[in-house]
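Descriptive structure summary
What follows is the residue order along each chain.
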Amino acid sequence: SGKWRWMQGRHLPFERDVDGALTQVIGVIEDVTSRRELQDAIQAERDFAQVVLTTLGQGVTVMSADGTCEYINPAGAQILGIDSIADLVSVDLMGIAEAALSVEAMADIRDFADHPRLLRFDSHYRRIDGQVVDLATVVTPRFQDGVLVGTVTVFSDVTERKVMERKLAQAL
């Protein structure tokens with residue numbers, strides 16, 4: 001058909017002569033083109049997702065069920081004032097969040113394990129450099145085989161908007 005195919009072959013010694021020299025082998029050749037095409041498609045999807053996460057202007061974190069950061073995108077690290085993304089992976093972000101969130105937001109987060117659902121809240125976050133930023137945050141549960149294994153959190157720096165809202169409220 002004029003199309004390239006991916007083949008995989010395996011062989012085993014089958015017969016030897018009296019001196020032990022190999023005289024016959026048995027082998028199988030298998031067409032693995034569909035498997036290879038599927039692997040290529042999965043890799044292309046991963047590459048696309050990585051480009052989106054890397055260039056997105058919002059912060060994205062992937063957290064384990066115990067609150068440990070498994071992934072943060074570059075925008076997230078920049079918003080939080082983190083110099084190295086590697087410094088944040090494996091950090092307990094829940095401990096950091098407790099200091100920044102309102103009592104109501106923390107109550108929702110603590111209740112999250114028993115009642116996983118989409119959470120939306122605003123918070124203040126004190127960066128390492130001491131600057132306080134206002135964040136708009138959405139937390140989504142992450143399930144595997146019906147079991148809550150963590151969350152995906154998307155957050156935006158809304159500090160400028162909040163400053164403008166406060167100025168507008170004072171002006172009225």
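Quantities reported herein were computed from a predicted structural model and do not represent experimental measurements.

**Quick notes on the overall build of the protein**
- Counting its secondary structure elements, the protein contains six helices and seven strands.
- Out of the 172 residues in the protein, the part that is buried amounts to 27%.
- Of the roughly 12,000 Å² of accessible surface on the protein, 57% is carried by carbon and sulfur atoms.

**What to know about the sheet that holds strand 6 (residues 132–144)**
- Read from one edge to the other, the open sheet built from five strands follows the order 4-3-7-6-5, with strand pairing classed as antiparallel. The sheet is open, and its two edges are formed by strand 4 (69–72) and strand 5 (119–126), each paired on a single side. Here the strands of the sheet are splayed against their neighbours by 25 degrees on average, with no regard to which way each runs.
- Summarising the sheet, strand 3 (residues 59–64) and strand 4 pair through three bridges and their orientation is antiparallel.

**Regarding the packing of aromatic side chains**
- Under the counting rule described, the total for this entry stands at zero aromatic pairs.
- The lysine or arginine in question, Arg-36, covers the ring of Trp-6, its NZ or CZ lying 3.8 Å from the ring centre.

**So, the pairing of strand 6**
- Bridge analysis of strand 5 against strand 6 gives eight bridges, and the strand direction is antiparallel. From the neighbouring strand, Tyr-125 faces strand 6, where its bridge partner is Val-133.
- Adjacent in sequence and paired antiparallel, strand 5 and strand 6 are bridged by five residues, among which Gly-130 carries a positive phi angle near 95 degrees.
- Summarising the sheet, strand 6 and strand 7 (residues 147–157) pair through 10 bridges and their orientation is antiparallel. Bridge pairing in strand 7 places Phe-143 opposite Leu-148.
- Count of turn residues in the strand 6/strand 7 antiparallel hairpin: two residues, of which Asp-145 carries a positive phi of about 55 degrees.

**Some points on unusual backbone geometry**
- The phi torsion at Asp-145 lies on the positive side, around 55 degrees, for a residue other than glycine.
- By the secondary structure assignment, Asp-145 is in the loop between strand 6 and strand 7.
- Look at Asp-145 and you get exposed, because its relative accessible area is 78%.

The rules behind the values
- Residues numbered from 1 in each chain as written.
- Predicted model: local features only at pLDDT ≥ 70, side-chain atom pairs only at ≥ 80, totals over all residues.
- Heavy atoms only, no water.
- Helix = DSSP H or I, 4+ residues; strand = E, 2+ residues; numbered from the N terminus.
- Buried < 20%, exposed > 50% of the residue type's maximum accessible area, 1.4 Å probe, protein only.
- Areas by Shrake-Rupley, 256 points an atom, 1.4 Å probe, with all protein chains shown as cover.
- Pairing = 2+ DSSP bridges.
- Axes fitted to C-alpha atoms, helices over the stretch in contact; angles between N-to-C directions.
- Phe/Tyr/Trp six-rings, centres within 6.5 Å; stacked < 30°, edge-to-face > 60°.
- Lys NZ or Arg CZ within 6 Å of the ring centre and 35° of its normal.

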